Each structure stands twice: as structure tokens, then as C-alpha cells.
Amino acid sequence: MSAFLSDEPKMTEKTRTQPTLRPETLSAQGLGHIAEPYRDIVEPIHLATTYVRDRNGELVGGRLYARDANPAYDQPEALLARLENGWEALLLPSGMAAAQALLQLLKPGERLVVPRSMYWALRSWVRHYTAHLGITLVEYDNASLDSLKAALAGETTRLLWIETPANPTWDVTDIAAASALGHSVGARVVVDSTVATPVLSRPLELGADFVMHSATKYLNGHSDVIAGAVVAREDSEDWQAIRRHRNQGGAILGGFEAWLLLRGMRTLFPRVRTASRSAQAIAEWLDAHPQVIEVRYPGLPGDPNHAVAARQMEGGFGGMLSIRVQGGHAGARRFAGALQLFREATSLGSVESLVEHRAPVEGPGTLCPDDLLRLSIGIEAVEDLIADLAQALDSPHHPPEEYDES
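Residues numbered from 1 in each chain as written. Predicted model: local features only at pLDDT ≥ 70, side-chain atom pairs only at ≥ 80, totals over all residues. Heavy atoms only, no water.

(A) Representation of unusual backbone geometry within the structure. In this structure, the amide linkage connecting Glu36 to the following residue, Pro37, adopts the cis form with an omega of 10 degrees. Cis geometry is adopted by the peptide bond preceding Pro165, which originates at Thr164 and carries an omega value of -15 degrees. Mapped onto the secondary structure, Pro165 falls in the loop between β6 (159–163) and α7 (175–184). One non-glycine residue, Leu31, adopts positive backbone phi at about 65 degrees. Mapped onto the secondary structure, Leu31 falls in the loop between α1 (23–28) and β2 (34–35). Despite not being glycine, Asn85 shows a phi value in the positive range, around 55 degrees. Topologically, Asn85 is positioned in the loop between α3 (71–83) and β3 (88–92). (Helix = DSSP H or I, 4+ residues; strand = E, 2+ residues; numbered from the N terminus.)

Shown next as C-alpha cells:
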């Protein structure tokens, strides 16, 4: 049994009706779910793998086996579907698993169109996967509709992949225009919206068929869960195939991880908005600094992606930016090593601020300049983050591993 705020439908119902409550409220209160019989305000952790039948062999609770019917998924999946204004959401064990659940729709001989700038591990996997299965792979420049038109070129296409803002250049693709182009050649349109999140952009409302997230990042937001998610705009044969892939293929998330993900999603709006405000202030400060030769952030009026980003992102431009500093590769290393509050680590979207010298991490075949530094802005005081950036830009030496709190 469960109780919901106002006239909220049960989580098992699929609806695209606009909620009477604002998404900030739905997120903070986890759709208003109160767990029975104790009226828990926090959802219990569901760890059982199987469920007992009654003496007649009936499933009293409606659950057969946790792989495809884990109650730990109900609330976070329903919440994400509502935030994206989608039909239904599915949790998966990583962002890569979410991407692969979508890409398994492809059959030999079909076409896949992807951006050149995208998450490097997925780009590498896609190239191997398509070559192995005989799938035609075509790449386009993220922010260029002309490049996308040429990639589609009137050819029947099975999937069009969009990543916006794109990691690590933060190029922004016009989702509405790109979706129309994809649909014109029969493509299903997928948007990786990991960086924007439903706080800033809702691709399904702009014409995409599916939206995916590496839920490890902003949706969880605490660097303690690896998870992925896919949301569908409507029910379809493709969506049922994705559901079968998750349930029967075993690409499932653990009950404790689902609970942690829900915990993180309840603070999604204040975290993303704080990070976005701070990133805007930091990007503007860095853009005026003589030691910085380039800042990539769509919130800057001079950024080539600003106009499109302003049209399709609401309330901010995200917490991610990339910079290049004086001194090339060596200068980037000195800067990253001199930072004290920013931790040098892989990943993004958590409460702590991170820096990464990106090209050495991606390795051979990277499209990144060898001096590009990726910054993930957390929720610390922006004044402290700017002070840390300032001292690192002025310091030629590496500081101690831990900063002095005195």
C-alpha cells in the first residue's frame, strides 16, 4: 500500500499528464510516496530476490522474481519518468548498460548515426560493436545541422544518437531540429541528457523518442552509485524490446543501489541549480583571466553554442565546463596539480568539484586537445572554488596532497 500527494496516480500507472505539482516538489518528496505499514517517509531498502506465494500458488504481492519485478525500482523509475514527462523509465546497472540497451535494437545492415564528440568509452565501444555486427556507422559534428543532414543524406536510418551538451567540449545540438531530421529518414532519436538532466532540458518534449542518463552522475550526485536509466516518450515495440533486454538479459541494478539513487534524486534540483549558477560564475571569471586561452561553456554569450542552449535549456547551462590554459600539456599538468579544493578524478556531476586532464585519460584516438582540462563544478561555495582556481593559475608548483583547513 502507498499514499501519494494530492491526486497523484499510483507509480505503476503510465501517464504523460502534466503533474499538478511542480517537478521540484515531486523530486524532493519522491512523488510523495509513504511506505506502509509503518508510514516511513524514506522508502525501505528492498533486497529480497524472490517472493512467497500463498497456499493456492498465487502471487499475493504481484511479484515473481526480483530480476524483473524489484519493488526497489518502482519509485525511482516513476519519478524519473515524471521528471522527463515520459511514458516509462527503466533503471540499469550503468550508463554504458543503458546505452547498450538502446543500441541492441540495431540489426546487421542497419544504419547508426552518432556525434563525433561523445563520451569516449561509448564512442570506442560503438565503433567496435558496429564493425563486428556489420552495422553502418556514420558520424556527424555535434553542433552542425548541416553535418547531420549530410550524415543522414536521405538514407533510412535505424538510430540517431545525440549527446548534448557533449562531453568534454560541451557542444550543444538542437534537439528539436535534429529530431525532425532523424524522423524524416525513419530514425528513432536517442538523446544522452546526462549533463543537462531533466532540471535543465527535457528532450522528449523536443521530439526525441528516448532519453538516457548515466545516473552515476547528476541523478545520483554523490559518487557512490554506478547506474543508468532510459526513458521512453511512448510505448512501442522498440520499448518492449529494451524492457526484455533489461529483464531477461540480466542488466539489472541492485536494490541497495536503487535506494541510493532515489536518495540522490530527491536533491536533484537544488544540486543541479547550484552547480549551474557556480559554473556560470566560474566560466565568466576564467574567460577574463589572462592565463586561460579558451573556455568552453554554453552559458557564455560568446560561446558558439549559446543561442541553441539558451533556447532549449531552462534555468541554467549545467555544471560542466572545459578550459585550456597557457603552457600547453605541461601547463595543464601544472594547473591540475596545483588545485587544492578541486580533486583530480574521473567522473562528474557529484557534490564535490573535480578536475581532469582529459586527453591522457582517453588515450590514443582522443579528439581532445592535449591541454584540455574538464571541470565538474560541485556545490561548494563558489568563492572558495574561484580562489582555488586563482591560486593554481598563479602557482608553478604542486601543493601538498591535502589542503590546509586551518
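(B) Seen up close, the sheet that holds strand β12 (residues 343–344). Strand order in the open sheet made by the five strands is β10-β11-β14-β13-β12, with mixed pairing throughout. Edge positions in the sheet fall to β10 (292–296) and β12, since each has one partner strand and no second. By the bridge criterion, five bridges tie strand β11 (residues 320–325) to strand β14 (residues 372–376) in an arrangement that is antiparallel. What sits directly across from Ser322, in β14, is Arg374. Here helix α13 (residues 328–338) sits on the sheet and contacts β11, β12, β13 (354–357) and β14; the angle it forms with β11, its principal contact strand, is near 125 degrees. (Pairing = 2+ DSSP bridges. Contact = heavy atoms within 4.5 Å. Axes fitted to C-alpha atoms, helices over the stretch in contact; angles between N-to-C directions.)

(C) Here's a closer look at the pairing of β13. On β13, burial covers both faces: Leu354 and Glu356 on one face and Val355 and His357 on the other are all buried. Across two bridges, the pairing between β12 and β13 is parallel. Residue pairing in the sheet places Glu344 in a bridge with Val355 of β13. Pairing between β13 and β14: four bridges, direction antiparallel. The residue of β14 that forms the bridge with Glu356 is Arg374. (Buried < 20%, exposed > 50% of the residue type's maximum accessible area, 1.4 Å probe, protein only.)

(D) Looking closely at the side chain of Asn142. Looking at where Asn142 falls in the secondary structure, it is placed in the loop between β5 (136–140) and α6 (145–152). There is a polar contact of 2.6 Å between the side chain of Asn142 and the backbone oxygen of Ser117. (Polar contact = N/O pair within 3.5 Å; in protein donor to acceptor, adjacent residues only side chain to side chain.)

(E) Up close: the environment of Leu393. With respect to the helices and strands, Leu393 occurs in helix α15 (residues 382–394). Exposure remark for Leu393: the relative accessible area of 11% places this residue in the buried category. When neighbours within four sequence positions are excluded, Leu393 is seen to be in contact with Trp285, Leu286, His289, Gln291, Val292, Val325 and Phe335.

(F) Structural context of the nonpolar core. Counting residues in hydrophobic clusters, the biggest one holds 82 residues, and the most contacted among them are Leu286, Val295, Leu321, Ile323, Phe335 and Leu375. The next biggest cluster of nonpolar side chains, apart from the first, holds 28 residues, and it includes Leu90, Leu102, Leu112 and Phe210. (Core = buried A, V, L, I, M, F, W, Y, C linked by side-chain atoms within 4.5 Å.)

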